[in-house]
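This is what each chain is made of:
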Amino acid sequence: MALGLAVWLALVASDDAAPVVLALGVVGALLTAAAVVWPALLFLALAVAGSGYAALLAIDEPPLDVRVAGVAACLLVVGELVGWARELWSTTRDEPGGEWRRPTWIALVGAGGLLLVWGLLAIVDLARVEGLAVEAVGAACALAALLVVRRLARG
Amino acid sequence: MTRSADARLGAYAALAAVAFVTALGLRRPELAVLAAPFALLVALGVRMPAPPLRAWVEIDRERAIEGDELDAIVTVRADSAVDRLEVGLALPEGIGLADGSNPVAIHLDAGEERELPLRLRCERWTSAEVGVVWLRARDRIGLVRFEGRVDRRRPLRVYPTPERLRRLLAPARTQATTGSEVARVRGEGLEFADTRPFVPGDRVRSVNWRATARRGSLVVNERHPDRNADVVIFLDSFAEARASDQGTFEHAVRAAATLVTGFLERRDRVGLVAFGGILRWLQPGGGLVQRYRLVDALLETGVEFSYAWKDVNVIPARTLPPGALVVALTPLLDERTVLALVDLRGRGHDLVVLEVSPDPYVVPSSDPSDRVATRLWRLQRAELRMRFERLGVAVATLDEDTTVEAALEGVRAYRRHARLARR
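All residue numbers refer to position in the chain's written sequence, counted from 1. Naming scheme: in the order in which they are written, chains are lettered from A and ligands are numbered from 1. Totals for whole chains, interfaces and linings use all residues, but because this is a predicted model, local features are given only for residues with pLDDT of at least 70 and pairs of side-chain atoms are given and counted only at 80 or more.

**Thoughts on the overall build of chain A**
Argument step 1. Secondary structure elements follow DSSP: runs of H or I of four or more residues count as helices, runs of E of two or more count as strands, with numbering from the N terminus. Along the backbone of chain A there are 6 helices and 1 strand.
Argument step 2. Going from the N terminus to the C terminus, chain A shows its helices and strands as α-α-α-α-β-α-α.
Argument step 3. Within chain A, the proportion of its 155 residues that are buried is 37%.
Argument step 4. Long-range pairs, those at least 24 residues apart, make up 68% of the contacts in chain A between residues at least 6 apart in sequence. Here a residue counts as buried when 20 or more other C-beta atoms sit within 10 Å of its C-beta, as exposed when there are 12 or fewer, and as partly exposed otherwise, the C-beta atoms being derived from the backbone. Remark: residues whose backbone-derived C-beta atoms lie within 7 Å of one another are considered to be in contact.

Below, the structure is given as structure tokens:
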């Protein structure tokens, strides 16, 4: 999945950005494979895979890029698949009939992520004409991230 | 229950934070949008409260014999819904799973109670406790999990399967009480011993009328009385040689259980001395209760490492009655045991050594110096066995290929030809 994302991004990127995007994507895919064994690498894997897309944005500078929905959904599914792979690796077996719960959930997460990002993109597109709106959304999101990290640290 | 985070929680939170910051730095709203689903998952995932869970374990028996299969039921109940609950019954060494899934992941709705049947196999003798259940619960998002341990331990004793013995060892001396062993002394009994001239006081029913007719004077029969013997099982628990799942001590305990069963069935009084880091003893006694006492004591005995010097003097005197047949089960690896056995022989006990051979546990090496060392070690052990034999002590080797019956036959063969060495 991570490798597919890298190839897809390299195909849609410009000639200047494609090598960088592909290199970062491949490294991200390798790190994802390693994260199945060492889960501490999962952040690095997702970050490197996502940085390929950031490089694409930085080099090609497209207007509002709708492909972010696909990237977000792919990264979400990759993260969930790593978690599922680790569960399958353990000695615990699911009771009969319970094997489909996790893949169904992963599919739901992917589809939900796709819809959420599309919805947010639509809002951003509306506010794009107002430069301050982007700043406000970014600041709010950064604040939300800080709050989440603080809550995690307390928990 | 202990709360812990899945690796994805930290990864998603950090990724969301990095993406938001990068979005600000690059002035690209797409990256902030990309981070949003991760941040949402984290925000929803950390809200999971600790699920109220209860668990019970039921086992159909508390006593079993090696090879038996037991039914166990693990029951779990959740007052609130748990999307995935991993349930694992901790199985002690020697108890395996014959049928069922352990650990297993289940889904529980609110208020649901689930019974998980398991079939356990008693793979080897043990004195264990079964009933520790490990629980790991997570919600649908699965970023946070709760782990806990429910302690419903119950004792489970798995007795070793005794080997069938056709013949046991005859003791050098019997005791005063009635048993199944033909005594060497003469008295009232069933087995014919000899004839002798009649003396006043002899019973008329003892008169051998045929011999009387031939000799012309009254001759009476003498008989061997049926007596029992005192037998002490001397179990060396100072040291053992072992591979991953087998060792000399397991073998020794199995042989000891066989001997205990055999001697008690012969109506002998049997006692136990577990001579090791921790000294355990049981005075000689007979009957079914004594059999369970002895086997329970054997199951509770383990190899305890100790530097403390111990000799025969630490053993209570009543545990080693005079004239008792002492059957030592030892790998002959610890000098303290060797000296204690020599001491016992010196004190006049009828001693038999069943050497539980550590040789099968020696890892073969291609290194020439290792091979020489192994040969030297084997020579030392052969010399040790000869030392015992010079003292009139029969030494037989027990290993995986030798049954207790075969080892006892070796002892009997030695004792037939070494009577002069006895005291």
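**With respect to the nonpolar core**
Argument step 1. Connectivity within a nonpolar core runs through C-beta atoms within 7 Å, and the core itself is a set of buried Ala, Val, Leu, Ile, Met, Phe, Trp, Tyr and Cys residues. Core analysis: the largest hydrophobic core is formed by 84 residues, its most contacted members being Ile233, Ala256, Val327, Leu329 and Leu354 of chain B.
Argument step 2. Among the elements that line this core, the one with the most residues is helix H4 (residues 248-265) of chain B, at 9 residues.
Argument step 3. Two domains share this core, each providing at least three of its residues, namely domain 2 (53-159) and domain 4 (230-421) of chain B.
Argument step 4. What Ile233 of chain B contacts, discounting residues up to four positions off in sequence, is Ala256, Leu259, Val260, Val270, Leu272, Val327 and Leu329 of chain B.
Argument step 5. Listed in part, the 70 residues of the second largest apolar core include Phe43, Val48, Ala49 and Leu57 of chain A. Boundaries between domains were set according to an automatic or database domain assignment.

**Examining the packing of helix H2 (residues 18-37) of chain A against helix H3 (residues 42-60) of chain A**
All names here are of chain A.
Argument step 1. Contact pair H2 / H3: the axes reach a minimum separation of 7 Å and the direction vectors enclose 170°. Here H2 is positioned roughly antiparallel relative to H3, judged by the angle of their axes. For H2 against H3, the interelement crossing comes out left-handed. Facing H2, whose interface residues are Val20, Val21, Leu24, Gly25, Val27, Gly28, Ala29, Leu31, Thr32 and Ala35, H3 presents Leu42, Leu44, Ala45, Val48, Ala49, Ser51, Gly52, Ala55, Leu56 and Ile59.
Argument step 2. In terms of residue class, the contact of H2 with H3 is made up of 15 nonpolar, 5 polar and no charged. Note on geometry: axes are C-alpha line fits, over the in-contact stretch for helices, and angles between N-to-C directions span 0 to 180 degrees. These descriptions rest on fixed angle ranges, namely under 35 degrees for roughly parallel, over 145 for roughly antiparallel, 65 to 115 for roughly perpendicular, and the rest for oblique. A clockwise turn of the near helix away from the far one marks a right-handed crossing, whereas an anticlockwise turn of less than a right angle marks a left-handed crossing. Only Asp, Glu, Lys and Arg are considered charged, only Ala, Val, Leu, Ile, Met, Phe, Trp, Tyr, Cys and Pro nonpolar, and every remaining residue, Gly among them, polar.

**Here we look at the interface of chain B and chain A**
Argument step 1. Counting residues at the interface gives 43 residues for chain B and 43 residues for chain A.
Argument step 2. Taken together, the elements giving at least two residues each to the side of chain B that touches chain A come down to helix H1 (7-26), helix H2 (29-45) and strand S7 (104-108) of chain B.
Argument step 3. Per-element tally for the side of chain B that touches chain A: the top contributor is H1 of chain B, with 18 residues.
Argument step 4. Residue composition of the side of chain B that touches chain A, by class: 32 nonpolar, 5 polar and 6 charged.

**Some remarks on the sheet that holds strand S4 (residues 69-78) of chain B**
All names here are of chain B.
Argument step 1. The 4 strands lie next to each other as S2-S4-S8-S6, forming an open sheet whose pairing is antiparallel. Edge positions in the sheet fall to strand S2 (53-59) and strand S6 (95-99), since each of these pairs with one other strand and no more. In this sheet, neighbouring strand axes are inclined to one another by 35° on average, regardless of whether the strands run parallel or antiparallel.
Argument step 2. Here S4 pairs with strand S8 (residues 113-122) via 9 bridges, running antiparallel. Its bridge partner lying in S8, Leu70 is registered against Leu120. Each pair of strands is called paired provided DSSP finds at least two bridges between the two strands.

**A few points about the pairing of strand S20 (residues 394-398) of chain B**
Residues and elements named next belong to chain B.
Argument step 1. Burial runs high along S20: 4 of the 5 residues are buried.
Argument step 2. For strand S19 (residues 350-356) and S20, the ladder comprises 5 bridges, and the chain directions are parallel. Bridge assignment links Val353 to a residue of S20, and that residue is Val395.
Argument step 3. Convention used here: a crossover is right-handed provided that the path from the first strand, over the helix, to the second strand proceeds clockwise when the strands point away from the viewer. Running through helix H7 (residues 368-390), the crossover from S19 to the neighbouring parallel element S20 is right-handed.

**Quick word on the sheet that holds strand S16 (residues 269-276) of chain B**
Across a sheet, strands are paired by hydrogen bonds formed along the backbone, either parallel or antiparallel in direction.
Residue and element names in this part refer to chain B.
Argument step 1. Here 6 strands make up an open sheet; going across it, the order is S17-S16-S15-S18-S19-S20 and the pairing mixed. Each edge of the sheet is formed by a strand with only one pairing partner; in this case those strands are strand S17 (280-285) and S20. Pairs of neighbouring strands in the sheet enclose a mean axial angle of 20°, with direction left out of account.
Argument step 2. Sheet topology note: the strand S15 (residues 230-237)/strand S18 (residues 325-330) ladder contains 5 bridges and is parallel. Following the sheet pairing, Val232 is matched in S18 by Val326.
Argument step 3. Packed on one face of the sheet, helix H6 (residues 335-346) meets S15, S16, S18 and S19 and runs near 155° to S19.

**Some remarks on H4 of chain B**
Residue and element names in this part refer to chain B.
Argument step 1. Helix length check: H4, at 18 residues, gives a terminal C-alpha distance of 26 Å against a target of 26 Å (1.5 Å per residue), a fit within 8%.
Argument step 2. Burial analysis of H4 places 15 of its 18 residues in the buried class, the great majority of the element.
Argument step 3. Looking one or two residues beyond H4, the residue adopting positive phi is Arg267, at roughly 65°. Here a helix's expected span is defined as the number of its residues, less one, multiplied by 1.5 Å.

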